[in-house]
Number of protein chains: 2
Amino acid sequence: MAATSLEGLIAEHGGNPVDILRNSKIGMYVYPVVAPEFSNWRSEQNAWRDSAVLFDQSHHMDEVIVEGPQATEFLAYHGINAFGNFDLNRAKHYVPVTPAGHVIGDHIIFREREDKYILVGRAPTSNWLMFAASYGKWNVRLRYDPRSPSRPEGERVLREHYRFQIQGPEAGKIFEKMNGGPIPDIKFFHVDWINIGSKKVQALRHGMSGAPGLEIWGPYKDKDYIHSTIMQAARDAGVNLVQCGSRAYSTNTLESGWIPSPLPGIYTGDGMTKAFREWVGVDMYESAGAIGGSFVSDNIEDYYVNPFEIGYDFYIGWKKDDFVGKAALEKIKAEGPKRKKVTFEWNRDDVLKVIASSFEQGTPYKWIDFPQPNYASSSADMVCKEDGTMVGMSMFNGYSFNERCLLSLGVVSTDVQIGDVLTLKWGEPETTGKTSTEPHKQADIRVRVSPTPYSAEARTNYADSWRTRS
Amino acid sequence: MAATSLEGLIAEHGGNPVDILRNSKIGMYVYPVVAPEFSNWRSEQNAWRDSAVLFDQSHHMDEVIVEGPQATEFLAYHGINAFGNFDLNRAKHYVPVTPAGHVIGDHIIFREREDKYILVGRAPTSNWLMFAASYGKWNVRLRYDPRSPSRPEGERVLREHYRFQIQGPEAGKIFEKMNGGPIPDIKFFHVDWINIGSKKVQALRHGMSGAPGLEIWGPYKDKDYIHSTIMQAARDAGVNLVQCGSRAYSTNTLESGWIPSPLPGIYTGDGMTKAFREWVGVDMYESAGAIGGSFVSDNIEDYYVNPFEIGYDFYIGWKKDDFVGKAALEKIKAEGPKRKKVTFEWNRDDVLKVIASSFEQGTPYKWIDFPQPNYASSSADMVCKEDGTMVGMSMFNGYSFNERCLLSLGVVSTDVQIGDVLTLKWGEPETTGKTSTEPHKQADIRVRVSPTPYSAEARTNYADSWRTRS
């Protein structure tokens, strides 16, 4: 009988989940429904740097609503975050880990009422929470609104909520015009109400590159009204508000430094993690998703990260009596972190060498698609020292027209220094079952280790010499 | 009062339609609704060369149904094609021209009954025919089903018909499996009926790169059934049938040599053409579409082509008593054609120079988007001799992973020879109002003049040396 759970699927594959994920046929991880481009992806990227950009985030994220008498206890127990300061109308970057302390994923969590939270983000966190509610004994109610289909092909797509973000140096002028006067002074990651036309709308203060930004949401049926009102407010304010399509969208994180897609650390471990794998169906993200990249290990734990490694350790609510993973995180803390998050700045000449191979006969290097070269749900490319020792893993790639270079986010050994030049192995060593990649050979691309977020300081100090000379 | 017709719009712009179209804000001309990629655009391109590809053509074309006692006379009068041999269950490549002999556009036309035709293609031909029915006195009934919206953003999209094409060297095995036995021996551009599952479906014999291919269509409500049945037949036949997404789709014409987007020659001329411009609304293709490229002329007629120049002269039904444009075409024929259709093969090193500029500070060359660098409804790039004399116009661009090079289709003076090396001016000389392009500077890209269709002969004779050396 064919497997019906992730645990069964892994058993079918000789206990090697890497083999399953590296050969997944699910295709690209796409940002669905939203048009690929409204103007063009270069100008759309430029808008968040120089004017204002409108992100339509209504479709690419799961939403989970957690309500009930034990909503707070349930969420506090399954996330690493401190909850003591979690007032109403506040948001957090919520991170659950496994009992072994491996990151599962992350969501943005909004507290709407004493006993009601909305969580927004990728599937691994949604799935873990839905499982947790059935695994433990919790007096909570969960509602789940999954992300939109990747390829709706003309079918109608509906969500619970629309969700827009307006970001960029000119965004403030639009808010004021929209609100019919100055908007409340909302603190970072706090929520307040603003007017958009005739509607009162919830707004989260967000930020990208330090510029003012708001995320707003409401019932999906209001989407067209809100969208039209925003666009009109921008015209009235004389601001060039650029709508961002799906091609540019996912690259905004390269400049801000958030890694969207760590592999959830749920493929190993007993107890709760094993029970989760027995709960996860074979068509769900954890079973059907893909790993892409040059890093191949038979031990799937080599793909995991912990909160310290990707900069989430300051979220940890150490004062909480207990939460899933607390003991493991204490141990990791005591031992000291082994890796840290960085930005890799790709060498221009090596990138051009890769591109040039697609203008020659024979097997080319792996095509670098612009602006988003990722070809799996989770990317894992080897980053090595000159002697070939692997010292890091690149986890999310993209081209920035603002920076005029390819960047990627990932982790390196703590002894690697900002400014070090390492080598990223681009492309997979063998042909896999993935449909998202063409046959190719591997290339070495030099990368310079840079801070996260990739800052102006890094750029001025060495960027020009690095980019224009090899 | 704001203009309500194309004629009024041109008057508002001082009689210069080029100015209107080069500053259009309509954005890219996209292939809507269909997902950008199903696997990846390289493998999708490769499928039509090496295995089999499934094109979903349900959304990007207008459909016009022409019925009634005078359907044949009406269509024969407004197209250049011979109609004497237009039997039932046959298709033609239908081309209308203006009274001055300029190409308006083209459709594929199917004869379904003695008094019923279905036409499929871009808007200029649809609009011209709908106008013609109201301009003359014709006993015909027209029904119009416009192409799907470019950016439906999750709204439901419906058409009259689904339309699929299956092409490639392995396609025949799928047809046989689908039909439950050998399919009828359908001649090129003839139509017959085949079985797909429990349904009888009309099939047009089509071809690309000489491989067998069929185009099938039927009521839109059957789309999912037909799609699933085709995919299952491919699996049963052991054929790797690759679904083609919107990014790869438009590049298939580079290898086969059809120019999809000549500018309709309707912006000048009196009589019927002027009446057409008074009929065309300001939101229609002819008013709202865009011209993109380095060729800028105040005389919009410089963007037109005639049927001789793009290889349609052998369609002309000279024996017909009369048809719109006949006298003008006779004159052009007597004078001898001045231009001919060719493929331009872009120089690899010059292309890489353009790409490299997007890894440097300052204003880059115009980004070449892959695989489809077009940024307007109609492209017009100057192609010049070494001394700067313009000798050709490049009209449709794209990268072919099969050929490992950028190609474009266009016209050159008849004295230009296959193998000549010319220079394509890439990018626009000034910033226009178009949203589809980022600020850029112009580049010179050497191009080698090659036959159309871009054939194996051309490749073997000189391609390798040209591509890998400058």
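Residues numbered from 1 in each chain as written. Chains lettered and ligands numbered in written order. Predicted model: local features only at pLDDT ≥ 70, side-chain atom pairs only at ≥ 80, totals over all residues. Heavy atoms only, no water.

As annotated in an unreviewed UniProt entry, chain A is Glycine cleavage system protein T from Pararhodobacter marinus.

Participant: I'm lost on the environment of V34 of chain A in this one. Help?
Facilitator: On the secondary structure map, V34 of chain A appears in the loop between α2 (17–22) and α3 (41–50). The buried category is assigned to V34 of chain A, whose relative accessible area is 9%. Each C-alpha atom of the pair V34 of chain A and A275 of chain A lies 36 Å from the other, and the pair is 241 residues apart in sequence. In contact with V34 of chain A, not counting residues within four places along its chain, are D56, H59, C244, G245 and S246 of chain A together with E153 of chain B. (Helix = DSSP H or I, 4+ residues; strand = E, 2+ residues; numbered from the N terminus. Buried < 20%, exposed > 50% of the residue type's maximum accessible area, 1.4 Å probe, protein only. Contact = heavy atoms within 4.5 Å.)

Participant: Looking at this structure, how should I read the relation of the copies chain B and chain A?
Facilitator: Both copies of the chain are related by a screw-like operation: a rotation about an axis and a shift along it. Once chain B is rotated about the relating axis by 180 degrees and shifted along it by 0.0 Å, it coincides with chain A to within an RMSD of 0.0 Å. Put plainly, the chains are arranged around a two-fold axis. In terms of C-alpha distance to the rotation axis, chain B has R156 of chain B as its closest residue, with the C-alpha 2.1 Å off the axis. The share of interface residues of chain B whose copies in chain A are also at the interface is 100%, consistent with both copies meeting through the same surface. (Least-squares fit on C-alpha atoms with pLDDT ≥ 70 in both.)

Participant: Hey, could you run me through unusual backbone geometry in this one?
Facilitator: A negative phi angle is the norm for most residues apart from glycine, just as the trans form is the norm for most peptide bonds. Cis geometry is found at the peptide bond from F370 of chain B to P371 of chain B, where omega equals 0 degrees. Among the structural elements, P371 of chain B can be located in the loop between α13 (348–356) and β14 (378–379). Here the residue pair T452 of chain B and P453 of chain B is connected by a cis peptide bond, since its omega of -10 degrees sits within 30 degrees of zero. Take P453 of chain B: it is sitting in the loop between β19 (443–450) and α14 (456–468). The phi dihedral of V33 of chain A is positive, around 70 degrees, even though this residue is not glycine. Position of V33 of chain A among the secondary structure elements: in the loop between α2 and α3. One non-glycine residue, F189 of chain A, adopts positive backbone phi at about 60 degrees. With respect to the element layout, F189 of chain A can be found in the loop between α6 (171–179) and β8 (191–196).

Participant: What should I look at first to understand the confidence of the model for chain A in this one?
Facilitator: Caution applies to low-pLDDT regions: their predicted coordinates should not be interpreted in detail. Residue and element names in this part refer to chain A. In this model, chain A carries a mean pLDDT of 94, and residues with pLDDT of at least 70 account for 96%. Throughout residues 462–470 the model reports pLDDT below 50, and contacts reaching past four residues in sequence, or to other chains, amount to 34 contacts. The complex prediction reports pTM at 0.96, with the ipTM value standing at 0.95. (pLDDT = per-residue confidence, 0-100.)

Participant: Could you clarify how one ought to interpret the packing of helix α5 (residues 123–135) of chain A against helix α10 (residues 272–279) of chain A in this entry?
Facilitator: Any two packed helices are characterised by how steeply their axes cross, that is the angle between the axes, and by the distance between the axes. Residues and elements named next belong to chain A. Running from amino to carboxyl end, α5 crosses α10 at an angle of 105 degrees, the nearest separation of the two axes being 10 Å. Judged by the inter-axis angle, α5 sits roughly perpendicular to α10. Of α10, the residues touching α5 (which contributes N127, W128, M130, F131, A132, S134 and Y135) are M272, A275, F276 and W279. Tallied by class, the residues present in the contact of α5 with α10 amount to nine nonpolar, two polar and no charged. (Axes fitted to C-alpha atoms, helices over the stretch in contact; angles between N-to-C directions. Parallel < 35°, antiparallel > 145°, perpendicular 65-115°, else oblique. Nonpolar A, V, L, I, M, F, W, Y, C, P; charged D, E, K, R; others polar.)

Participant: Got a minute to help me understand the environment of R159 of chain B in this structure?
Facilitator: Residue and element names in this part refer to chain B. Summarising the element assignment, R159 is placed in the loop between β6 (141–145) and β7 (161–167). For R159, a relative accessible area of 9% corresponds to the buried category. For the pair formed by R159 and S58, sequence separation is 101 residues and the distance between their alpha carbons is 7.3 Å. Ignoring any residue separated from it by four or fewer positions in sequence, one finds R159 in contact with S58, H59, M61, D62, E63, D145, P146, R147, S148 and Y220. At 3.1 Å, the side chain of R159 forms a polar contact with the backbone oxygen of S58. Within polar-contact distance, the side chain of R159 engages the backbone oxygen of P146 at 3.4 Å. (Polar contact = N/O pair within 3.5 Å; in protein donor to acceptor, adjacent residues only side chain to side chain.)

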